[in-house]
Number of protein chains: 4
Amino acid sequence: FWRAVFSEFLGTMLYVIVGCGAWTENSRVPEMTLSVRVALAFGLIYAVIIYCVRNVTDAHLNPSITLAMLVTRRMCFLRAILYIVAQFLGAILGAALLYGLTAREYLAQLGCTIPGDEVSDAQGFGIELFSTFILVFVVFAAYEKSKREEAITAPFIIGIALAAVSMFAVPYTGGSLNTARSFGPAVIKNVWSHHWIYWFGPLLGGILGGACYEIVYSTK
Amino acid sequence: FWRAVFSEFLGTMLYVIVGCGAWTENSRVPEMTLSVRVALAFGLIYAVIIYCVRNVTDAHLNPSITLAMLVTRRMCFLRAILYIVAQFLGAILGAALLYGLTAREYLAQLGCTIPGDEVSDAQGFGIELFSTFILVFVVFAAYEKSKREEAITAPFIIGIALAAVSMFAVPYTGGSLNTARSFGPAVIKNVWSHHWIYWFGPLLGGILGGACYEIVYSTK
Amino acid sequence: FWRAVFSEFLGTMLYVIVGCGAWTENSRVPEMTLSVRVALAFGLIYAVIIYCVRNVTDAHLNPSITLAMLVTRRMCFLRAILYIVAQFLGAILGAALLYGLTAREYLAQLGCTIPGDEVSDAQGFGIELFSTFILVFVVFAAYEKSKREEAITAPFIIGIALAAVSMFAVPYTGGSLNTARSFGPAVIKNVWSHHWIYWFGPLLGGILGGACYEIVYSTK
Amino acid sequence: FWRAVFSEFLGTMLYVIVGCGAWTENSRVPEMTLSVRVALAFGLIYAVIIYCVRNVTDAHLNPSITLAMLVTRRMCFLRAILYIVAQFLGAILGAALLYGLTAREYLAQLGCTIPGDEVSDAQGFGIELFSTFILVFVVFAAYEKSKREEAITAPFIIGIALAAVSMFAVPYTGGSLNTARSFGPAVIKNVWSHHWIYWFGPLLGGILGGACYEIVYSTK
């Protein structure tokens, strides 16, 4: 059990280091190229971490998924709380390590998620909500199939889903889909503008995504 | 059964939001970078949605595939009509949601498919026809193999096929391959220039692709 | 048997249309972005076509592979000749169709493979030889594993190998690795400069790659 | 046994040719586009080579992995030494061949790994350490699962892990993660600036990654 919590901590830490690390240089390049790069980095590392630790934990790495699992009564309350705490601690430590590893001149970013100038708060909230809806929906579908012979494809499809959605969301809102991943860099850099959309968007989207799958498909 | 129709609706909606959403920003970047991004976004999200819902539906998300299935007598008439209606409604709702989510300055695009300036109507029609021919051919091949142990690879190969073909077709015609995906943004933006090629190209290409597979390979 | 020959013809045709089609626009964009796009388009469509038709044929689509199979006595002489003829005819027809489909202003390219200015003939020959060596080596390894439970991964790994090698070879020599794929556009555009390296490089590299696998690994 | 050593030699040679070859042209293009290309080339070719030769060898191709396997007592001392020697010889020969194959004007690079100007030695060391930590962690996890039915996914997830981490590390330190891969081009080009970080970073990171997996997960 504690290994599962530790895995959430370690996994989220590595997720933030690699994903936000791929982000840190966008001051020098056109924004569109960046979004392919960031989307692939987040999606691929997510697949990799899930692949490695899912024997031990459910490999959420994301409070939205944990919350959706809790709401649909797939995990107990204590376990969910510990997972979420581990995720936030991992994200903060990951962002701190990344702060030390990356060069001074890039530090303006550190992968903090801030909506683009032309995106209103409501739009950013909606984009995060829809994106996380899709991600959590896919996670639920993949976990359901894990009981069958299709288990080996679960990490791949979840990573692909994150990459696909990120290609849409990264230029608009930074493509967080994950409150912990947004919170870590925000703590380290003390950047909180529009930060509320990264709490309500992913968490609400995750609950809706999990509930939608549960109601429409899982009852079969 | 109704869950299958609902899945076509929901799937096409999400497909349009993510795929066309990845498209919405091409006014700021070089066209070629865009095409990799759009091709990957459409291909990956297509794989993801097929993966999630194919227990419930056949996950066409595309009138060309449904029509080809109907012509080759793999599904009944009523089911095909309902699928296609659900696909069009999903695409329109997806485009409408995307219209609300994305910022004003990008709205000139919204992922409407319009042939490039230097592409004639006949060429655009031909490119859509060939592209959809390949896509539907792959879908038929993947469905045939789904009965065997290779079922787990079907969503991946279909998504890869869409991504590969899109890398060719996106800069020329927008790489629709899907009448519903073109129709949704066109309704919302009221842009209908050269729109006929996105009806006849994909639908005819789909029928030919399905028929080709049926005649040459499926008779084994 | 004739369906296998037809598959080689159809497969090579579609391979040339999609792969060379993704190439046709490189006059407008930076060369490096193009190489990712072309490498992915060729690699992904190759995986897709192999996936679809390998029940019927061995899905070579490439004279280098057919020749290597012939030299290692894995197929008879007549079959090899017919495969190669079908591949060349498919490539020519594919290039001709692409010529019709793409716009006038792009036609300077049509995916003809010509070494970069700063690449000597010997270097181009060497790059093609090494690249095809790797591709055919992988094909042999994948076919050997096809007899076991790993069969479902064969098309993916072959496509990935082609994409990986193309990322290296495309900016230098166009990344042909396939005499038929170079010959088709060359016939249509009548461009033959340095064309000999696309005959001797891939064919010799393919034989060496097949022989290397046969000698070192296959004897187990 | 000797075939395993030969495989390490051949595999590392091809790995260096393709991966560093994809690197050789970065003088002409924006750095960010390069990093996607290089990350994909290294990751994909790594997956391909592992796929092909893992029946014969463990397919390390990387002294960090071999060293981590030795430290965790998964292989004997003699075998580890021979693997590492083969890896270094393969990398040197690969770099020499690449030197011959690529054009003069690109030769300033040859894929030598040098930290970016704004990266301090300590930061470069830390980035290499963390990156290799992740890679070796994934390799250990993948090898453990190879005993079960998930074996077919091992080469893919390892290649994906390398690609994901490279997207983060390439612009900072060149994304070596592999002392042999850094040593080969350095010998040929005689470029040794900051070279020590490519010895201590990957080797120490590899040992830590292997030990972390061994202690936390493998004891189950």
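Everything numeric here is computed off the predicted structure, so don't read it as measured data.

About the cut-offs
- Residues numbered from 1 in each chain as written.
- Chains lettered and ligands numbered in written order.
- Predicted model: local features only at pLDDT ≥ 70, side-chain atom pairs only at ≥ 80, totals over all residues.
- Heavy atoms only, no water.
- Core = buried A, V, L, I, M, F, W, Y, C linked by side-chain atoms within 4.5 Å.
- Buried < 20%, exposed > 50% of the residue type's maximum accessible area, 1.4 Å probe, protein only.
- Contact = heavy atoms within 4.5 Å.
- Salt bridge = Lys/Arg side-chain N within 4 Å of Asp/Glu carboxyl O.
- Helix = DSSP H or I, 4+ residues; strand = E, 2+ residues; numbered from the N terminus.
- UniProt positions renumbered as here; feature names shortened; annotations may be inferred.
- Axes fitted to C-alpha atoms, helices over the stretch in contact; angles between N-to-C directions.
- Left-handed = near helix turned anticlockwise from the far one by under 90°.
- Expected span 1.5 Å × (residues − 1).
- 1 Å grid on protein atoms, 1.4 Å probe; cavity = no way out; pocket = protein on both sides within 12 Å on 5 of 7 lines; lining within 4 Å.
- Points joined across faces, edges and corners; volume = space filled by probe spheres on them.
- Nonpolar A, V, L, I, M, F, W, Y, C, P; charged D, E, K, R; others polar.
- Phe/Tyr/Trp six-rings, centres within 6.5 Å; stacked < 30°, edge-to-face > 60°.
- Patch = residues over 30% accessible without salt bridge, like charges linked within 9 Å, V, L, I, M, F, W, Y side chains within 5 Å.
- Areas by Shrake-Rupley, 256 points an atom, 1.4 Å probe, with all protein chains shown as cover.

Chemist: How would you explain the nonpolar core if you had to name every residue and give the values?
Modeler: Among the nonpolar cores identified, the biggest contains 305 residues, and I158(A), I158(B), I158(C) and I158(D) are the most heavily contacted of them. Apart from residues no more than four positions distant in its own chain, I158(B) is found in contact with Y46(B), I50(B), L135(B), V138(B), V139(B), A142(B) and Y143(B).

Chemist: Tell me about the pattern of salt bridges, and please be specific about residues and values.
Modeler: All names here are of chain A. The full count for this structure, using the stated rule, is four salt bridges over all chains. Here R74 ties to E214 by a salt bridge, and the two come within 2.8 Å at their closest N and O atoms. With R74 in the loop between α3 (63-71) and α4 (77-101) and E214 in helix α8 (residues 197-217), this residue pair connects regions lying 140 residues apart in the sequence. Note on R74: relative accessible area 30%, which makes it partly exposed. Overall, E214 belongs to the partly exposed group, its relative accessible area being 23%.

Chemist: With reference to specific residues and values, describe unusual backbone geometry.
Modeler: All names here are of chain B. With phi around 65°, L61 is a residue other than glycine that occupies positive phi space. By secondary structure assignment, the location of L61 is in the loop between α2 (31-53) and α3 (63-71). Overall, the relative accessible area of 0% leaves L61 in the buried class. Its identity is not glycine, yet R73 carries a phi of approximately 60°, on the positive side. For R73, a relative accessible area of 78% corresponds to the exposed category.

Chemist: Provide a residue-level description of the UniProt feature "transmembrane region" (unreviewed entry) in chain A, including the pertinent values.
Modeler: Residue and element names in this part refer to chain A. Under the UniProt annotation, "transmembrane region" (unreviewed entry) lies at residues 5-24, 36-56, 77-102, 122-143, 155-175 and 195-216. Along residues 77-102, the helical share is 96% and the strand share 0%, with 37 Å between the first and last C-alpha atoms. With 91% helix and 0% strand, the stretch residues 195-216 has end C-alpha atoms that lie 32 Å from each other.

Chemist: Let's hear about the packing of helix α1 (residues 2-23) of chain A against α4(A): which residues, and what values?
Modeler: It is the contact of α1(A) with α4(A), at a shortest axis distance of 7 Å, that shows an interaxial angle of 35°. Viewed along their axes, α1(A) and α4(A) form a crossing whose handedness is right-handed.

Chemist: An account of the side chain of T12(A) is needed here, citing residue identities and associated values.
Modeler: Turning to its location among the elements, T12(A) is positioned in helix α1. Take T12(A): its relative accessible area is 0%, and that puts it in the buried class.

Chemist: Could you give me a rundown of helix α6 (residues 154-173) of chain C, with the residues and numbers involved?
Modeler: Spanning 20 residues, α6(C) covers 27 Å between terminal C-alpha atoms, matching the ideal 28 Å at 1.5 Å per step. For α6(C), a buried count of 19 out of 20 residues is recorded, marking the element as mostly surrounded by other parts of the structure.

Chemist: Describe empty space enclosed by the protein, naming the residues involved and giving the relevant values.
Modeler: Counted according to the given criterion, the structure contains seven cavities of 30 Å³ or more. Reported here for the largest cavity is a volume of approximately 80 Å³. Of all elements in the fold, only α1 and α2 (31-53) of chain A together with α5 (121-145) of chain D reach the threshold of two or more residues within the lining of the largest cavity. Here the residues of the lining of the largest cavity are counted per class, giving ten nonpolar, two polar and no charged.

Chemist: Lay out the packing of aromatic side chains with the relevant residues and their values.
Modeler: Summed over all chains, the structure comprises 44 aromatic pairs over all chains. Both rings, one in F133(A) and one in F137(A), keep their centres 6.2 Å apart while their planes meet at 15°; by these two values the pair is stacked. Residue F133(A) and its partner F137(A) are located together in helix α5 (residues 121-145), separated by four residues, close to a single helical turn. F137(A) shares its class with F133(A); the two are buried. Each ring, one from F183(C) and one from W199(C), has its centre 5.8 Å from the other, and the planes form 85°; the classification is edge-to-face. On the criterion of sequence distance, the pair formed by F183(C) in helix α7 (residues 179-189) and W199(C) in helix α8 (residues 197-217) is long-range, its members being 16 residues apart. Through pairs of rings, three or more aromatic residues link up here, namely Y15(A), F42(A) and Y46(A).

Chemist: Tell me about a nonpolar patch on the surface, and please be specific about residues and values.
Modeler: Taken together, the side chains of F77(A), I81(A), V85(A) and L89(A) define a hydrophobic patch exposed on the protein surface, amounting to about 380 Å² of accessible area. Relative to the assigned elements, V85(A) resides in helix α4.

Chemist: Explain the side chain of T132(A) to me, using residue names and the numbers behind them.
Modeler: Residues and elements named next belong to chain A. Mapping T132 onto the fold places it in helix α5. Look at T132 and you get buried, because its relative accessible area is 0%. Setting aside chain neighbours within four positions, we find T132 in contact with S64, L177, P202, G205 and G206.

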